[in-house]
Structures are given as C-alpha cells and as structure tokens.
Amino acid sequence: MTGLKRPFAEMAGTGRYIPAKVLSNADLEKIVDTTDQWIMERTGIRERHIASEGETIACMGEIACRQVLEATGVSVEEVDGLVVGTASPDRLLPSQACDLQKTLGAVNAAAFDVSAACTSFVYGVSVAEGMIAGGTAKNVLVVGAERLSTITDYNDRGTCILFGDGVGATLVRASSDGKRGILSTYLKSDGRLGDLLYRQSGGANEPPSEKMAKERSYFLRMAGREVFKHAVRSMADACDQALTRAGLTSDQVDLLIPHQANIRIIEATAKHAGMPMDRVYVNIEKYGNTSSASIPIALDECVRSGRVGPGAVVLMVGFGGGFTWGSTVVRW
Ligand code: UT7
C-alpha cells in the first residue's frame, strides 16, 4: 500500500467474549506432571478460560461482534465485510466466517477466513484495510477467535499449559477525520519453519483415521524452545518494521500490545522496542495464549478501561505458526 496517503482506514469499536470456565495451573497439576511455579516462571500464565459445550466460535464471535456494533452504532446490515482469523474453527467447511455470518445475521457481508495462526488478527486488519482502500467494503468486522482447547493435547505438558479460548473483534472502516486510523501494517511469513508448530492429521493429506486417534496426531504439536527463539526475533522485526513504516519511534508510542504468548517473549520484545513495561499491555496471567484472539481481546480491555483513548498511538505485534509475524500501528 505504499504510495497511498495514510490513514485511510481506522479501527473503531471493540468487543470480546471470554468463556466463564477457568482452567487454573492447580487444575493442570492434576492432569500432567507440572507445577504452578514452573508455569508461572516460564510463561507468566496463572489460568486460562475454556469454552464449554455449546460455546462455539460462532456463538462467542456473535457476542463480541455485537459489542463492536453497539460501540460504533453500525447496524448488522451495514457490515459488508467479515474477516475471521482462527486456527480452531467450528468445522472445516464452510469457513468460520460464513458460520459466524449466519449466527450474526450479517446478510450483506462478504465473509471469509484468514489463516496465519496467532498472527491472523493482524493479517485480517491488513486485509480489511485493503478492502476499505480499494472500495470493496465500508464496514469490515475483523475477528480473532479461538477454541484452542479442542485441538490441545492435555497429555502434553509442553503445550497444554499455554493455550486458552476466547474471541476479540473490531471494526475497520474509512478514517473518520483523516488523522485517526491505521498508520502502518507489516506482514511476513517463513514457511520453512512450518514444522515448529503444526497439526499433522485431519487434513486432506492425512484424513481422519484410527491411526490418527491412536497417535493423537490431530492435536497441535510444538517445538517450544525453537518457537521461542524465532518468536523473539520476529517480534523484534515486526516492531521495527511497523514503526519505520509509520515514520515513528518507540517513544512516540503510547502502548505496545503484543501477542500474549509468553511473558518472557513479551519482555524481550518490549526491551528491543525500548518500551518500559508500564507502556506494555499484559493480560497473559488471566487468559494464557489465545492465539489470534489475544491482541483483539487485549485491545478491547484497553479501550473499555480507558487505557487506550482518542489520539493514543498503539503498536500491535504478533507472531505464530507458519511461521508468521506482523504488526500494525494505529492512532486511536
Ligand atoms: O503463539 C505461539 C505459540 N507458542 C509459543 O509462544 C511458545 C514459545 N515457547 C515457550 O513459551 C516455551 O518454550 C515453553 C513455555 C513452551 C517451554 O519453556 P522453556 O523454558 O523453553 O522450557 P523447555 O522446553 O526448554 O524445557 C525445560 C525443561 C525440560 O526438562 P529437562 O529436559 O530440562 O529435564 C522440559 O521437559 O522443562 C520441562 N518442561 C516442564 N516442566 C514442568 C516442559 N514443560 C513443562 C511443564 N512443567 N509444563
């Protein structure tokens, strides 16, 4: 999008849905060989929320989207784009976005998914911004939604301590005053690192089978230490790129909202960006890693608590399986 005068699109309104059921570190101590102390020290996570039966992504997404519509005064009929980022859709076909479109009643929307693992929300915002700039749509809901508990192996202590469920959403529309809005976006991926975080079976190459059930290869697998290293590197790159593209330095940023994957990754990212932790939003203790939902959930908390108000400059940075990473700078 270089060459176009920014900002031409803004994020307006936010919403979130967090399932009520809590899975604490103490609960996990009863399931796998781990301790609250280990989890807290290595990840910063104390508890995560888990969807109950019936709390589908479509249901949770509807609630988050209705909050966005209420905050913006946009009617559901006016929504003409619906972009969903998820790695744990309710079903594989049709897209999660189409199932959410039906539940929400967004009859005039073009609905589709973006798939960039934990970076999906940032990818979705960038796609929505492009739809606004290209005149394809006027009101695009962007949703990050996960029910990771359904693809997490609760026999695997290396992953089950990390993930939680939830949904966050925002609306992308034309900048209302030509000042507030998306100042830059940056997207990157490296497919050579795909085997660091993946689900082996259940797709077309290895369809569901008895072997899959026996080997539990339907569940998410991760090379934690390797992911950690690349995460630190890619989050640093994402910070640098978004700021350079926005023509800003980190001291001009009011708040950094990083993907909530691990407190140590967040601290390393903040250090690289030169942002003191009091200008970094952290809620990982409560929710764990909710993948594509983590940034929009955090954004909603910040907006509703007044931490992000009119004029605030916010840097959002994510990374995830793929490997994917990306960032955006927004003037709220
Ligand atoms: O959104 C992107 C998703 N992924 C991530 O962001 C994950 C990034 N990676 C991480 O957050 C960290 O690598 C983990 C939290 C997953 C693991 O922390 P670590 O400090 O990298 O630990 P490690 O894998 O190097 O394991 C250290 C030790 C091992 O024992 P030995 O071999 O030293 O005896 C593990 O077996 O800790 C052991 N371990 C555990 N111990 C208690 C691994 N998981 C656990 C556990 N409880 N849950």
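Because the structure is a prediction, the values reported are computed rather than measured.

### Quick word on the sheet that holds strand β12 (residues 313–320)
Taken together, four strands build an open sheet; the order of strands is β8-β13-β12-β11 and the sheet is mixed. Each end of this open sheet is capped by a strand with a single partner; those strands are β8 (181–189) and β11 (255–258). Strand-to-strand twist across the sheet, computed as the mean angle between neighbouring axes with direction ignored, equals 10°. Two strands pair when backbone bridges link them, and β11 and β12 are joined in this way by four bridges, in the parallel orientation. Within β12, the position partnered with L256 by the bridge is L315.

### A few points about the nonpolar core
Soluble globular proteins tend to bury their nonpolar side chains together. Counting 44 residues, the largest nonpolar core has L28, L256, L315, V317, F319 and V329 as the members making the most contacts within it. Breaking this core down by element, the ones donating at least two residues are β8, α7 (224–246), α8 (263–273), β12 and β13 (324–331). Per-element accounting of this core gives the leading share, seven residues, to α7. Inspection of this core shows a minimum of three residues originating in each of domain 1 (9–177) and domain 2 (182–331).

### So, the sheet that holds strand β5 (residues 110–114)
Across the sheet, which stays open at both edges, the five strands sit in the order β1-β7-β6-β4-β5 with mixed pairing between neighbours. Of all strands in the sheet, those with a lone pairing partner are β1 (9–17) and β5, marking the two edges. Geometrically, the sheet is characterised by an average inter-axis angle of 20° between neighbouring strands, direction not taken into account. As paired strands, strand β6 (residues 139–147) and strand β7 (residues 165–174) are joined by nine bridges and run antiparallel to one another. What sits directly across from G144, in β7, is G168. Each of β1, β6 and β7 touches helix α3 (residues 57–72); the most contacted strand, β1, lies at about 130° to it.

So, how was this worked out
Residues numbered from 1 in each chain as written. Predicted model: local features only at pLDDT ≥ 70, side-chain atom pairs only at ≥ 80, totals over all residues. Heavy atoms only, no water. Pairing = 2+ DSSP bridges. Helix = DSSP H or I, 4+ residues; strand = E, 2+ residues; numbered from the N terminus. Axes fitted to C-alpha atoms, helices over the stretch in contact; angles between N-to-C directions. Core = buried A, V, L, I, M, F, W, Y, C linked by side-chain atoms within 4.5 Å. Buried < 20%, exposed > 50% of the residue type's maximum accessible area, 1.4 Å probe, protein only. Domains from an automatic or database assignment. Contact = heavy atoms within 4.5 Å.

Keep in mind these values describe shape, not function.
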